[in-house]
Amino acid sequence: MTESLGQGASFRREALRVVLPNLLLVLLVAGAAFGLVRDYTLTVDGLESERTRRALHAAIELQLEAMEALVHDNAYWNDMARASYVSQALTPFFEESFAYVTRDGRGYDVALQLRADGTPRLGYAGGAPLPAERIARPSADQLAMRSRLPDLPHAASGLLRAGDRLFFVGRDVVLPESAELAATVPAAGPDILVFAKEVGAEELESLERTLQVKGLRLAFDPPTDRAHALRLPRDDGEPLAWLTWTGTPVGQRALAELLPWLAGVGALLLLLGLAGVRKAWRQAEELARQALLDGLSGLPNRRAIRDALGRGLLGGGSVTVAMLDLDGFKAVNDNYGHMAGDHLLLAFARRLTAICGADGQVGRLGGDEFAVVVSGPNSLARGQDIARRLLAVLEEPFRIGEITLSIGSSIGLAHGTLGEADASELLRRADVAMYAAKRGGRGQMVVYSDVHDQRQADAHRIEQELRDALKTGGFELVYQPLMDASGRRIVAVEALLRWSSPSLGRVSPAVFIPVAEETGLINAIGLFVLERACRDALPWAPLRLAVNVSAAQLRNPELAEEIAAILARTGFPAARLELELTETCLVEDADRAAAMLDRIRALGVRLSLDDFGTGYASIGFLRRFAFDKVKIDRSLVEEAVQRPQRVTILEATARIASALDIEVVAEGIETDAHLQVARRVGCCALQGWLFHSARSAEAIAELLGRQEAEGGEPAVDAPGVRRYGPRSLTGWS
Ligand code: C2E
Ligand code: MG
Ligand code: MG
């Protein structure tokens, strides 16, 4: 069974196909999530540095505004104007008002006063006077922002670089608050007061403190880490200097803190994913196993069997497949229920598996169909051996609970090698052979040959042509006389159907009746035969008329009514009619058959068991169905001629039958030897070519006429007087 799981590989591939993309998806999502988190932390960090930059910018603006306000307050002042333009004591006033401030450096550390043309008048830095000659003109102009503000007067502020120092600078023109002093302002223009404060370590520390920035530095070269830098532009937009700081990567820090957690969750997800994959894999394997197993028996199913066949063929040797089905399984299901049917299938599977052992692989194809695959040397002989042993084992009935069931099997075998047929073709051939086995009378095995295909094709053609024949009246009936024990008088006739196929010529009923049975055509054909025979035989009173009824007809629930209708239509007395049944129709569905036979018997029709001795039928069987007559098959008569000890068995059977009021008839009496046997057995009627073969209704009428004329003596093939009016063989439809 395990080797049939080779198919599991493809299921695993299928599982991979499903699982892999999912796994990839999970990884992708995890990657994307990580990327997103990282991105987010970077964004957070970016936002954070932007915020710092804006705060720094605002703080610097504020400083400049403060500087501007400070210088304005001091420049727009009556005392300052008076000191500058009226009194001659500017220096003491300047020292008193501004110089000391430059010392403690709290507001500014440079204070300058320039004339309107930019010439320095006074200057103090760090509390010390700056001699006017030390104040270089360009830097004074710069400080006063004269280049920027050519149209004085104006209060203004800005940043200024001097060497590697940076200053906040504020300047304003010196003007009096009161109008009466306005005239003191020189015609060349008011002086300019300038305050400057260096952006030094102290300043940076204070900014660091208030803005919560770390490592704030002033740089005059472009920094490498632009993310944590604020460009301080000159008025023309060119970079003047940079403020840099050490970034506090809030996001990254958060990420660093989160990372172990994220890793933990990721690992957990991965573990869960892997567990899922493992489960999916197992399930795929289980599904693969189940997909190849039959649910009821646990045996390999059709697919697994086909795989096994395929592998056997690929192995290079010859492979044989036997297809088996249970004869009469449907009846078991119908009569005892599906539970009993299932148990029977299981019991059958057990027997079959036990017989095969390691020699063949057993599988259930579905329903009541099983298969055995045998590969390797002599596969056909080994397959046949298995089939033979199975048929032998099936002689023993099955006990299912309280029920005892005798079940046969029809077995078809087919064998081949890789070049000759593939797995499906071998199964098809085994199937064809199995049907041939069934048609051949069940309980047998048949090895496929081309002939079977030919027969199958013929069967199809026959079916079509039988349909046509039903419509166009292509059937004929002949009648074979049955003689009394002396063999002199005709006591009955058996109606036998004759049909000529347009393409195959004359076809034996042994060939076309089974086709009609399989296709359901037998119902219409059977009724036609009965009606035609009743009409033909009506004038031959008091002869009895025997008509064959096939198993399939018994399944027609209307059969009894149809027979009654025909009897009514033709006026044929029921007491003269005998229906011949073979035992197969009774074995298959015994209870339903018995019920139908009861209804038919109730019409006054007699029943006769045909071909007795070819199957399982026993005396008990005769009693159960209350037959009036039994026809011993000609094979038994022939056997008794060959092996005289058989006669006694036949004799005993006939005696018991007689004791039960069952008439015994011998069929197929061809020779005197047959006749002797039949006489010894004690048959009360005889049928066979020794007396008469089957002939047309006209010929029978003629024969009966002769018999009448000759006083009841057998008139074998002698010309006679036509006493019974011949019926036309045409116009049956
Ligand atoms: P059966 O009912 O057992 O019919 C007897 C068969 O044995 C007939 O073959 C008959 O021709 C043949 N036979 C008679 N005497 C001898 C003899 O001395 N030696 C030999 N070797 N054969 C003899 P037939 O007509 O070919 O019919 C074959 C079977 O076909 C019948 O067997 C019967 O089972 C079936 N059959 C024939 N006509 C009908 C029908 O109308 N309806 C049904 N359902 N089956 C029919
Ligand atoms: Mg018959
Ligand atoms: Mg017969």
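Note on numbering: residues in each chain are counted from 1, in written sequence order. Labels are handed out in written order, letters beginning with A for the chains and numbers beginning with 1 for the ligands. Only residues with pLDDT of at least 70 are given local features in this predicted model, and only at 80 or more are side-chain atom pairs given and counted; all residues enter the totals for whole chains, interfaces and linings. Heavy atoms throughout the structure, all of them, feed into the side-chain values; hydrogens and water do not.

### Focus: the overall build of the protein chain
Part 1 of the reasoning: Each helix and strand counted, the protein chain has 23 helices and 25 strands in total.
Part 2 of the reasoning: Its C-alpha atoms give the protein chain a radius of gyration of 61 Å, more than 25% over the compact-globule value 27 Å for 733 residues.
Part 3 of the reasoning: Across its three principal directions, the C-alpha atoms of the protein chain cover 190 × 55 × 50 Å.
Part 4 of the reasoning: Each residue is placed in one exposure class: buried if its accessible area under a 1.4 Å probe, protein chains only, is under 20% of its type's maximum, exposed if it is over 50%, and partly exposed if it falls in between. In the protein chain, which comprises 733 residues, the proportion classed as buried is 45%.
Part 5 of the reasoning: In the protein chain, the proportion of contacts linking residues at least 24 apart, taken out of those at least 6 apart, comes to 65%.
Part 6 of the reasoning: Carbon and sulfur atoms make up 55% of the accessible area of the protein chain, which totals about 35,800 Å².
Part 7 of the reasoning: A positive count includes Lys and Arg, and a negative count includes Asp and Glu. His and the chain ends are not counted in either. Lysine's charge is taken at NZ, arginine's at CZ, aspartate's at CG and glutamate's at CD. Once the 81 positive and 95 negative side-chain charges of the protein chain are each reduced to a mean point, those two points are 5 Å apart. A run of H or I in DSSP becomes a helix once it reaches four residues, and a run of E becomes a strand once it reaches two; helices and strands are each numbered from the N terminus. The atom set for the radius of gyration is the C-alpha atoms, and the globule formula is 2.2 Å times the number of residues raised to the power 0.38. Contact criterion: two residues are considered in contact whenever any of their non-hydrogen atoms come within 4.5 Å of each other. Here the open area of atoms and residues is found with the Shrake-Rupley method and a 1.4 Å probe, where only the protein chains shown may cover a residue.

### Notes on the coordination of the magnesium ion (ligand 2)
Six octahedral donors around a metal ideally make angles of 90 or 180 degrees; four tetrahedral donors ideally make 109.5 degrees.
Part 1 of the reasoning: Listed donor atoms are N, O and S within 2.8 Å of the metal (Na, K and Ca: 3.2 Å). As water is not included, a site may look incomplete. Each protein donor to the magnesium ion (ligand 2) is listed here as Glu494 (OE), Asn548 (OD1), Glu580 (OE) and Asp610 (OD); together their distances run 2.0 to 2.2 Å.
Part 2 of the reasoning: Mapping the donors of the magnesium ion (ligand 2) onto the primary sequence gives the spacing E-x53-N-x31-E-x29-D.

### Thoughts on the sheet that holds strand β7 (residues 214-219)
Part 1 of the reasoning: At least two DSSP bridges between two strands are needed for those strands to be called paired. An order of β7-β9-β8 is seen for the three strands of this open sheet, with the pairing classed as antiparallel. Two strands lie at the open edges of the sheet, namely β7 and β8 (229-233), each paired on one side alone. Taken over all neighbouring pairs, the strand axes of this sheet differ in orientation by 20° on average, direction set aside.
Part 2 of the reasoning: Looking at chain direction, β7 and strand β9 (residues 239-246) are connected through four bridges and run antiparallel. Opposite Leu218, over in β9, you have Leu243 as the bridge partner.
Part 3 of the reasoning: Where helix α5 (residues 201-211) meets the sheet, it contacts β7 and β9, and its direction lies at approximately 140° from that of β7. To define axes, lines are fitted to C-alpha atoms, for helices over the stretch in contact only, and angles between the resulting N-to-C directions are given on a 0 to 180 degree scale.

### Quick word on the confidence of the model for the protein chain
Part 1 of the reasoning: pLDDT measures the predictor's confidence residue by residue and takes values from 0 up to 100. Summarising the model, the protein chain shows a mean pLDDT of 85, and 92% of its residues fall at 70 or more.
Part 2 of the reasoning: Note on residues 1-7: pLDDT is under 50 here. Beyond four places in sequence and across chains, it has 15 contacts.

### Let's talk about the coordination of the magnesium ion (ligand 3)
Part 1 of the reasoning: For the magnesium ion (ligand 3), the full set of protein donor atoms is Asp610 (OD), Asp611 (OD), Glu667 (OE) and Glu667 (OE), and the range of their distances to it is 2.0 to 2.4 Å.
Part 2 of the reasoning: Between the magnesium ion (ligand 3) and the magnesium ion (ligand 2) the interatomic distance comes to 4.1 Å, and Asp610 is a ligand of both metals.
Part 3 of the reasoning: Look at Asp611 and you get partly exposed, because its relative accessible area is 25%.

### Describing the site of ligand 1
Part 1 of the reasoning: Near ligand 1, the surroundings consist of 20 residues, among which Gln480, Asn548, Asp610, Glu670 and Trp689 are the closest.
Part 2 of the reasoning: In the analysis that follows, any N or O atom pair within 3.5 Å is treated as a polar contact, provided that within protein one partner can donate a hydrogen and the other can accept it, and provided that, for residues neighboring in sequence, both atoms belong to side chains. At a separation of 2.9 Å, a nitrogen atom of ligand 1 approaches a polar side-chain atom of Gln480.
Part 3 of the reasoning: Isolated, ligand 1 exposes 780 Å² of accessible area, and the fraction of that covered by the protein chains is 85%.
Part 4 of the reasoning: Listed by contribution, the elements that provide at least two residues to the shell around ligand 1 are β18 (490-501), α13 (509-519) and β22 (606-612). One heavy atom within 4 Å of a molecule or strand is enough for the residue carrying it to be called near that molecule or strand.

### Quick word on the domain arrangement of the protein chain
Part 1 of the reasoning: For the purposes of this description, domain bounds are those given by an automatic or database domain assignment. Partitioning the protein chain into domains gives domain 1 (1-75 + 200-291), domain 2 (101-196), domain 3 (302-448) and domain 4 (458-709).
Part 2 of the reasoning: When each unit is reduced to the centre of its C-alpha atoms, the spacing between domain 1 and domain 4 is 99 Å.

### As for helix α8 (residues 329-336)
Part 1 of the reasoning: Residues of α8 that are buried include every one of Phe329, Ala331, Val332 and Asn333, and no others.
Part 2 of the reasoning: Directly beyond the C-terminal end of α8, a positive phi value near 95° is found at Gly337.

### Focus: empty space enclosed by the protein
Part 1 of the reasoning: Here the term cavity refers to a set of points on a 1 Å grid, laid over the protein atoms alone, in which a 1.4 Å probe fits but cannot get out; the term pocket refers to an open set having protein on both sides within 12 Å along at least five of seven lines, with lining residues being those that place an atom within 4 Å of a point. Grid points are joined across faces, edges and corners, and a volume is the space filled by probe spheres set on the points. In the structure shown here, the tally under the stated rule is three cavities of 30 Å³ or more.
Part 2 of the reasoning: Here the largest cavity is characterised by a volume of approximately 50 Å³.
Part 3 of the reasoning: As for the largest cavity, its lining consists of Gly526, Leu527, Leu530, Val547, Asn548, Val549, Gln553, Leu559, Ile563 and Leu579.
Part 4 of the reasoning: Breaking the lining of the largest cavity down by element, the ones donating at least two residues are α14 (522-537), β20 (544-549) and α16 (559-570).
Part 5 of the reasoning: Considering only residue class, the lining of the largest cavity consists of seven nonpolar, three polar and no charged. Residue polarity follows a fixed list, in which Ala, Val, Leu, Ile, Met, Phe, Trp, Tyr, Cys and Pro are nonpolar, Asp, Glu, Lys and Arg are charged, and the others, Gly among them, are polar.

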